[in-house]
Amino acid sequence: MPSVRRVAHAFLARQGLTTVFGNPGSNELPFLAGLPDGFRYVLGLHEGAVVGMADGYAQATGRPVLVNLHAASGSGNAMGALTNAVASRTPLVVVAGQQVRSAVGPEANLANVDAAALMKPLVGWAAEPACAEDVPRALAQAVFEARLQRRPTYLSVPYDDWAADAGDNSLAVLEREVARAAVPDAEQGRRLAERVAAARRPALVLGGDVDTPGLFHDAVRLAERLGCPVWAAPSLFRLPFPNRHPLFRGVLPAGIAPVAAAFEGHDLVLVLGAPVFRYHEHLPGRYLPEGTRLVQVTEDASAAARAPMGEALVADPAAVVEHLLKVLDGAATSGAPYRPVPEPPAGDGARLHPEEVFAALRDEQPEDTAYVVESTSTNSAWWRQMDLRRPGSYYFPAAGGLGFGLPGAVGVAMGHPDRPVVGVVGDGSANYGITALWTAAQHRVPLTVVLLRNGTYGALRWFGGLLGVPDAPGLDIPGLDFTRIAEGYGVPSRHVTGAGELRAVLAERTDGPRLIQVDTTLTTPA
Ligand code: TZD
Ligand code: CA
């Protein structure tokens, strides 16, 4: 009879989950015994970095990814990073080791007491199988739930289960295939198309789910066919539309009143692949102007159900856009040119203005570069200078939990070995996921990290002004030298002091990781 471990490994191999991001403990070792050829274990030195790397890798590849964490303590360390994975709808399959079954009740050391309950509010599905024989089926469920719900899942497995007999029936999971279709029916498709065709002034709002190779370009076609303005949904974490396209109006502000103000005069707002909406700043008001109708198309049934207003159609936005392109007539609006970039403002002495840094990236990096960004005060500076025209060009922590930037950049670079990858990370953000540098060095991941050092939590200074708190302590972070930190983790690094030097360094190509530290002036996010 096959062991639980053998069936589990065979199932993971069949489903293509052969890259494992993890940080092991004693409870996890029996699962890792005898990993078959073809598996690759990517060690992260802290669980936040493990999940951040897996998140970047899964987003870049568009496939579920296995994460292996240690019991309750490792799972706890991973929770902040998982908030981002939930918001970006990343299918991470977290498998955590549990004490042997007989030791959980008495709470032996390393028992993850009530393991599923620990994670349940956060992940889409969490379980600890009721017996060893059920582990292969439960693992399959964890993978399929992650794929179907597009959410992290969590499976806790007592470590004595792995060597147990799985029973011949367990081999049935090896043959399983689970697929979904999400095309609207004829009547739904007709009604939506009529509504869009009848709108006098439609507008499009696009979310992170639109950033896929096919849909990204189809959304451009749809916008050009309608000749309508396009916004990115609030709390943007992936870029769903070329940011200098003449129809692009930028990211919607993340507050109720300013969103309604943006929609003023539009009779129809079609939201594709986004929740309605991920507001952030508390700016109360009416949800929508008088006379504006909102229709949300999303595959995320929960996002459809919890929206506070509008109609929703739970369907694949790609299928819906394809349908609209087929049935709506009208020529594309004549191609107005992409908007030009402004001259960046100058910095101050040895400090570069962040816009100078981004202008250098825009000019020196190849057009297909993927950027993983985690510098919060430079948000508007970033969008003023960048010209991103391809899908998969931009990643940001989806729930705003810092610690995604560095690990996420490592994961995206591992998932996209064919694309240049740049991490743009603040001197505050870098610390939350700093250990990912070690993994990048060990795997010689080709990656450039541009570290913006302004000596402070810049965004929080700005928030202090907004919230009427000008005197909060704990906002400055002097005395950090990331060139020395990077060297300590095995990543070559440079401190760059001028725009010309930065451009020259960026133009050099490397086949492994490198860190470039730049001192920058303080800017505000908006
Ligand atoms: N902890 C975590 C895990 N996530 C957070 N978002 C914060 C704390 C709070 N926070 C922000 O929301 S922005 C920010 C913090 C600490 C400052 C980030 O500093 P930085 O970027 O140097 O990376 P800027 O450009 O100086 O703002
Ligand atoms: Ca900073």
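Residues numbered from 1 in each chain as written. Chains lettered and ligands numbered in written order. Predicted model: local features only at pLDDT ≥ 70, side-chain atom pairs only at ≥ 80, totals over all residues. Heavy atoms only, no water.

### Thoughts on the packing of aromatic side chains
Piece 1. Counting across every chain of the model gives 14 aromatic pairs.
Piece 2. Measuring from ring centre to ring centre gives 5.8 Å for Trp-231 and Phe-263, while their planes differ by 70°; the resulting arrangement is edge-to-face. Of this pair, Trp-231 sits in strand S8 (residues 230-232) while Phe-263 sits in the loop between helix H10 (256-262) and strand S10 (268-272), and the two are 32 residues apart along the sequence. Neither residue differs from the other here; Trp-231 and Phe-263 are each classed as buried.
Piece 3. Measuring from ring centre to ring centre gives 6.2 Å for Trp-382 and Trp-383, while their planes differ by 80°; the resulting arrangement is edge-to-face. (Phe/Tyr/Trp six-rings, centres within 6.5 Å; stacked < 30°, edge-to-face > 60°. Helix = DSSP H or I, 4+ residues; strand = E, 2+ residues; numbered from the N terminus. Buried < 20%, exposed > 50% of the residue type's maximum accessible area, 1.4 Å probe, protein only.)

### Topic: the site of ligand 1
Piece 1. Taken together, the neighbourhood of ligand 1 is formed by 17 residues, with Thr-376, Ser-377, Gly-428, Ser-429 and Ala-459 sitting nearest.
Piece 2. In this structure, an oxygen atom belonging to ligand 1 sits 2.6 Å away from a side-chain N or O atom of Thr-376.
Piece 3. Backbone polar atom of Gly-458 to an oxygen atom of ligand 1: 2.9 Å apart, as the coordinates give it.
Piece 4. For ligand 1, whose free accessible area comes to 600 Å², the fraction covered by protein is 77%.
Piece 5. The element best represented in the shell around ligand 1 is helix H17 (residues 458-466), accounting for 3 residues.
Piece 6. Each residue belonging to the shell around ligand 1 can be placed in one class, and the counts come to 5 nonpolar, 11 polar and 1 charged. (Near = heavy atom within 4 Å. Polar contact = N/O pair within 3.5 Å; in protein donor to acceptor, adjacent residues only side chain to side chain. Areas by Shrake-Rupley, 256 points an atom, 1.4 Å probe, with all protein chains shown as cover. Nonpolar A, V, L, I, M, F, W, Y, C, P; charged D, E, K, R; others polar.)

### Concerning the coordination of the calcium ion (ligand 2)
Piece 1. On the protein side, the calcium ion (ligand 2) has Asp-427 (OD), Asn-454 (OD1) and Thr-456 (O) as donor atoms, found 2.2 to 2.4 Å from it.
Piece 2. Between the donor residues of the calcium ion (ligand 2), the gaps in sequence give the motif D-x26-N-x1-T. Here Asp-427 is found in the loop between strand S15 (421-426) and helix H16 (436-442), whereas its partner Thr-456 is found in the loop between strand S16 (447-453) and H17, with 29 residues between them in sequence.
Piece 3. Residue classification places Asp-427 among the buried residues on the basis of a relative accessible area of 2%.
Piece 4. On the accessibility criterion, Thr-456 (7% relative accessible area) is buried. (Donors = N, O, S within 2.8 Å, 3.2 Å for Na, K, Ca; no water.)

### Details of the pattern of salt bridges
Piece 1. In this structure the tally under the stated criterion is 24 salt bridges.
Piece 2. A salt bridge links Glu-367 to Arg-390, with the shortest nitrogen-to-oxygen separation between them at 3.7 Å. Residue Glu-367 is located in the loop between helix H13 (354-364) and strand S13 (370-374), and its partner Arg-390 is located in the loop between helix H14 (379-385) and strand S14 (394-395); the two are separated by 23 residues in the primary sequence.
Piece 3. Residue Arg-444 pairs with Asp-511 through a salt bridge whose shortest N-O separation is 2.9 Å. Here Arg-444, found in the loop between H16 and S16, pairs with Asp-511, found in the loop between helix H19 (499-507) and strand S18 (513-519); they are 67 residues apart in sequence, far enough to count as distant.
Piece 4. Taking the relative accessible area as the measure of exposure, Asp-511 reaches 59% and is therefore exposed.
Piece 5. Each of the salt bridges in this network shares a partner with another, and the network as a whole consists of Arg-89, Arg-150, Asp-209 and Asp-300. (Salt bridge = Lys/Arg side-chain N within 4 Å of Asp/Glu carboxyl O.)

### A word on the environment of Glu-508
Piece 1. Structurally, Glu-508 is set in the loop between H19 and S18.
Piece 2. With a relative accessible area of 38%, Glu-508 lands in the partly exposed category.
Piece 3. Sequence spacing of Glu-508 and Gly-347 is 161 residues, and the spatial spacing of their C-alpha atoms is 24 Å.
Piece 4. Other than its neighbours up to four places away in sequence, Glu-508 contacts Arg-494 and Arg-514. (Contact = heavy atoms within 4.5 Å.)

### Notes on helix H15 (residues 405-415)
Piece 1. The buried fraction of H15 is high, at 11 of 11 residues.
Piece 2. For H15, the complete set of buried residues consists of Gly-405, Leu-406, Pro-407, Gly-408, Ala-409, Val-410, Gly-411, Val-412, Ala-413, Met-414 and Gly-415.

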